[in-house]
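Understanding the architecture of this molecule
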Amino acid sequence: MKKVCTKLFILFAAFALTAMPAAANANAVSSAKEPVPGAQGQQQTASLDLAPSARSAVLMDADSGTVIYEKDSNVKLPPASITKVMTMLLIMEALDDGKIKLTDKVPTSEYAASMGGSQIFLEPGEEMTVDEMLKGIAMASGNDASVAMAEKLAGTEQQFVVMMNEKAQQLGLKNTHFANCNGLPAADHYTSAHDIAVMSRELLKHSEITKYTGSYQDYLRKSSEKPFWLVNTNKLVRFYSGADGLKTGFTNEAKFCLTATAKRDNLRVIAVVMGEPNTKTRNAEVSQMLDFTFAQYTTHPIFKEGDTMGTIKVEKGAVREMPLVAKHPYSILLKKGAASQDIRYELQIDQPLKAPVAIGQSIGKLVVYQGDQVVKEFPVDAPQSIDKAGWFKLLKRSFGGLFS
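Residues numbered from 1 in each chain as written. Predicted model: local features only at pLDDT ≥ 70, side-chain atom pairs only at ≥ 80, totals over all residues. Heavy atoms only, no water.

Across its full length, the chain carries 11 helices and 16 strands. Counting the 404 residues in the chain, one finds 49% classified as buried. Residue pairs at least 24 apart in sequence account for 62% of intrachain contacts in the chain once pairs closer than 6 positions are excluded. Carbon and sulfur atoms make up 54% of the accessible area of the chain, which amounts to about 20000 Å² in all. (Helix = DSSP H or I, 4+ residues; strand = E, 2+ residues; numbered from the N terminus. Buried < 20%, exposed > 50% of the residue type's maximum accessible area, 1.4 Å probe, protein only. Contact = heavy atoms within 4.5 Å. Areas by Shrake-Rupley, 256 points an atom, 1.4 Å probe, with all protein chains shown as cover.)

Looking now at the packing of helix 2 (residues 84-96) against helix 7 (residues 193-204). At a minimum axis distance of 9 Å, the contact between helix 2 and helix 7 shows a crossing angle of 30°. One way to sum up the angle between helix 2 and helix 7 is to call them roughly parallel. The handedness of the crossing between helix 2 and helix 7 is left-handed. Side by side, helix 2 and helix 7 meet where Val85, Met86, Met88, Leu89 and Met92 of the first sit next to Met199, Ser200, Glu202 and Leu203 of the second. (Axes fitted to C-alpha atoms, helices over the stretch in contact; angles between N-to-C directions. Parallel < 35°, antiparallel > 145°, perpendicular 65-115°, else oblique. Left-handed = near helix turned anticlockwise from the far one by under 90°.)

There is a patch of like negative charges on the surface, built from Asp96, Asp97, Glu208 and Glu305. Structurally, the position occupied by glutamate 208 is in the loop between helix 7 and helix 8 (210-213). Residue glutamate 208 is classed as partly exposed on the basis of its relative accessible area, which comes to 34%. (Patch = residues over 30% accessible without salt bridge, like charges linked within 9 Å, V, L, I, M, F, W, Y side chains within 5 Å. Salt bridge = Lys/Arg side-chain N within 4 Å of Asp/Glu carboxyl O. Lys, Arg positive; Asp, Glu negative; His and termini not counted. Charge placed at Lys NZ, Arg CZ, Asp CG, Glu CD.)

On to the nonpolar core, then. The nonpolar side chains of soluble globular proteins are, as a tendency, buried together. In this structure, Ile120 and Leu134 are the most contacted members of the largest nonpolar core, which totals 60 residues. Counting residues per element, the ones that place at least two in this core are strand 1 (56-61), helix 2, helix 4 (130-138), helix 5 (143-154), helix 6 (157-170), helix 7, strand 6 (228-231) and strand 9 (267-276). Top contributing element to this core by residue count: helix 2, with 9 residues. Residues in contact with isoleucine 120, not counting those within four places in the same chain, are Met128, Gly136, Ala140, Gly142, Asp144, Ala145, Leu220, Arg221, Phe228 and Leu230. (Core = buried A, V, L, I, M, F, W, Y, C linked by side-chain atoms within 4.5 Å.)

What follows covers the sheet that holds strand 2 (residues 67-71). Taking strand neighbours across the sheet as the criterion, the 5 strands line up as 2-1-9-8-7 in an open arrangement whose pairing is antiparallel. Strand pairing shows two members of the sheet lacking a second neighbour, strand 2 and strand 7 (243-251), which therefore form its edges. The sheet shows a mean angle of 5° between the axes of neighbouring strands, direction not considered. Here 8 bridges tie strand 7 to strand 8 (residues 255-264), and the two strands are oriented antiparallel to one another. Among the inter-strand pairings, glycine 245 is bridged to a residue of strand 8, identified as threonine 261. Across the sheet, helix 10 (residues 279-296) lies against strand 1, strand 2, strand 7, strand 8 and strand 9, angled at about 150° from strand 9, the strand it touches most. (Pairing = 2+ DSSP bridges.)

Another point: the sheet that holds strand 15 (residues 362-370). Read across the sheet, 3 strands follow the order 14-15-16 without closing on themselves; strand pairing throughout is antiparallel. Because the sheet does not close on itself, it has two edges, and the strands there are strand 14 (343-349) and strand 16 (373-381). Shown here is a sheet whose adjacent strand axes are inclined to one another by a mean of 20°, direction ignored. Here 8 bridges tie strand 15 to strand 16, and the two strands are oriented antiparallel to one another. By the bridge assignment, lysine 365 is partnered in strand 16 with proline 379.

What follows covers the confidence of the model for the chain. Low-pLDDT stretches of the model should not have their predicted coordinates read in fine detail. Residue-level pLDDT values for the chain average 88, and 87% of them are 70 or greater. Low pLDDT, under 50, characterises residues 1-44; the predicted model gives this stretch 44 contacts beyond four residues in sequence or across chains. (pLDDT = per-residue confidence, 0-100.)

Under the definition given, this model contains 14 salt bridges. For lysine 167, the salt bridge is made with glutamate 93, and the minimal N-O distance between the two is 2.7 Å. Of this pair, lysine 167 sits in helix 6 while glutamate 93 sits in helix 2, and the two are 74 residues apart along the sequence. Overall, the relative accessible area of 19% leaves glutamate 93 in the buried class. Linking lysine 211 and aspartate 131 is a salt bridge whose minimum nitrogen-to-oxygen distance equals 3.6 Å.

Attention now moves to the environment of valine 319. Relative to the helices and strands, valine 319 is located in the loop between strand 11 (308-313) and strand 12 (321-325). Note on valine 319: relative accessible area 37%, which makes it partly exposed. Along the primary structure valine 319 and aspartate 387 are separated by 68 residues, whereas in three dimensions their C-alpha atoms are 8.1 Å apart.

So, on to the packing of helix 4 against helix 5. Contact geometry of helix 4 with helix 5 gives a least axis separation of 8 Å together with a crossing angle of 140°. Compared by their axis directions, helix 4 and helix 5 come out oblique. The two elements helix 4 and helix 5 cross, and the hand of that crossing is left-handed. Of helix 5, the residues touching helix 4 (which contributes Val130, Met133 and Ile137) are Ala145, Ser146, Ala148 and Met149. Here the contact of helix 4 with helix 5 is composed, by residue class, of 6 nonpolar, 1 polar and no charged. (Nonpolar A, V, L, I, M, F, W, Y, C, P; charged D, E, K, R; others polar.)

Cis geometry marks the peptide bond from glutamine 351 to proline 352; its omega dihedral reads -10°. Within the secondary structure, proline 352 is located in the loop between strand 14 and strand 15. That bond from alanine 355 to proline 356 is cis: its omega, 5°, falls within 30 degrees of zero. In this fold, proline 356 is placed in the loop between strand 14 and strand 15. Its identity as a non-glycine residue notwithstanding, alanine 80 has a phi of 55°, on the positive side.

Encoded structure:
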């Protein structure tokens, strides 16, 4: 009996050993292939290196956040002036929140004027409007303008950096930490290609930013004795069809970096490369990444910016209902030629939604299906703040028109 058991054990062990490589290979193949086509169209082009010279790269659909291609996209690297994507994001949020206006004057401190590297040559005490500072940051990559705006919004650059890192946490950026607002070399200042794409996508939700990042040339101090001609450091906005941003970067440590965006028809793409050897290679590889996307993919719209998404009931609110309007486009990425007739969506709101409600508060999600399969979920935030109704208003509602 013992001999039979021993033989059976040896036979079972041999079978397990021969089966293991096959199972391992099966797992390797399935993990290398992500769902492509009909539904989300998400594809890691593992067999195709679209950015062979880059240290790190990622290609992302701006509307859905779908990653189309990536190469070491989570490696922590110095971002140089791509840092200014976060700086511009906080400026645009402050404009939206009414904390500042484009016409507000921004003074230049001694510290801001002392910044080296790329600059618009601000002098201590010089004032420019927020609009002009944004031009200087977006087009000329002004380190001095970045610090001046940081001081305008937070009092000091150091406090502004705290805001930058808080925003990075809110966006779920796992491989990002800022030490300054302009990207000049500093210890503990890093991000990743993937994180840059995410913050670029967030910046693009403020559609007016491309007015600045997409301009090829302009002037500052045009009517003064010292006019300053701005030429965009991102040459793709002139030479690549549909390109309108976003930000270049270079230091000896970071090499040549770029987060670029282009839009054709309804498809907007973000391409990020880091650690490129020179500008020619950087621009060529980003162009190749964009070309690949526009040739292979299309977008299926769910909501356009400004579309009504629905109306939400608010329990005990100063107003009973809150309209939801799309603040930016909602769409999913599809391979060209893929079926789209069975795509549908549901607006799933956390119930019950009770006052008070804060603007930006998470209140649910927009779920997109293809057939019965979930292909994308978009978070939905409150578009406005709603206070809790006073006791008298609630009493009036309870008794209908009794007190009217």
